[in-house]
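Notes for the structure review
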Amino acid sequence: MLELINVNPSSGEPIYRQLSEQIVRLIVGGQLETEQVLPSVRKMAEHLSVNPMTVSRAVQLLVEQGWLERRRGQATRVAKREHSETTSSAQLLKPEVDELVSLAKQLGIGRDELIKLIDSCW
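Residues numbered from 1 in each chain as written. Predicted model: local features only at pLDDT ≥ 70, side-chain atom pairs only at ≥ 80, totals over all residues. Heavy atoms only, no water.

In this section: the pattern of salt bridges. All told, the structure shown has two salt bridges when counted by the stated rule. A salt bridge links E21 to R25; the nearest nitrogen and oxygen atoms lie 3.9 Å apart. Residue E21 and its partner R25 are located together in helix 1 (residues 15-28), separated by four residues, close to a single helical turn. Residue class for R25 comes out partly exposed when judged on its relative accessible area of 34%. Linking R71 and E69 is a salt bridge whose minimum nitrogen-to-oxygen distance equals 2.5 Å. What makes R71 partly exposed here is its relative accessible area of 40%. (Salt bridge = Lys/Arg side-chain N within 4 Å of Asp/Glu carboxyl O. Helix = DSSP H or I, 4+ residues; strand = E, 2+ residues; numbered from the N terminus. Buried < 20%, exposed > 50% of the residue type's maximum accessible area, 1.4 Å probe, protein only.)

Here is the structure:
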């Protein structure tokens, strides 16, 4: 699992948010399965070369959102989720799509031109 996660410290987005978003993508994409145990906070921090508190913050955020579960004395696991409440892969892209559309509007790029650009990249 650790080899699937990387963070960019020079990005404008906080590291804890980068980490939490990537873990959600791994869950939604099926690379992390329900009940699968995550590496320890210390191990993740060491692998990513970040402060353990940063990793802990990301994990806590995902626990609060229901993606992960912590039980006293046990490792952090991927939480069981009802199918109806599972976020779709497309919903995970919404913030990036919103940003892309906003940028396109600022640059005067029309909808049709943006769709052609996306199609050419696909």
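Glancing now at the domain arrangement of the chain. The accessible area lost on association of the parts is a frequent measure of interface size. Taken as a whole, the chain is organised into domain 1 (2-78) and domain 2 (89-121). Between the C-alpha centres of domain 1 and domain 2 there is a distance of 28 Å. (Domains from an automatic or database assignment.)

A few words on the packing of helix 1 against helix 3 (residues 52-65). Following both chains from N to C, one finds helix 1 and helix 3 inclined at 45°, their axes separated by 8 Å at the closest point. With respect to helix 3, the axis of helix 1 lies oblique. Relative to helix 3, the crossing made by helix 1 is right-handed. Between helix 1, through I15, Y16, L19, S20, I23 and V24, and helix 3, the contact on the second element is made entirely by T54, V55, R57, A58, L61 and L62. Taken together, the residues of the contact of helix 1 with helix 3 break down into nine nonpolar, two polar and one charged. (Axes fitted to C-alpha atoms, helices over the stretch in contact; angles between N-to-C directions. Parallel < 35°, antiparallel > 145°, perpendicular 65-115°, else oblique. Left-handed = near helix turned anticlockwise from the far one by under 90°. Contact = heavy atoms within 4.5 Å. Nonpolar A, V, L, I, M, F, W, Y, C, P; charged D, E, K, R; others polar.)

With that out of the way, let us pick up the side chain of T76. In this fold, T76 is placed in the loop between strand 1 (68-69) and strand 2 (77-78). Setting aside its immediate chain neighbours within four residues, T76 contacts Q36, V37, L38, V59, L68, E69 and R70.

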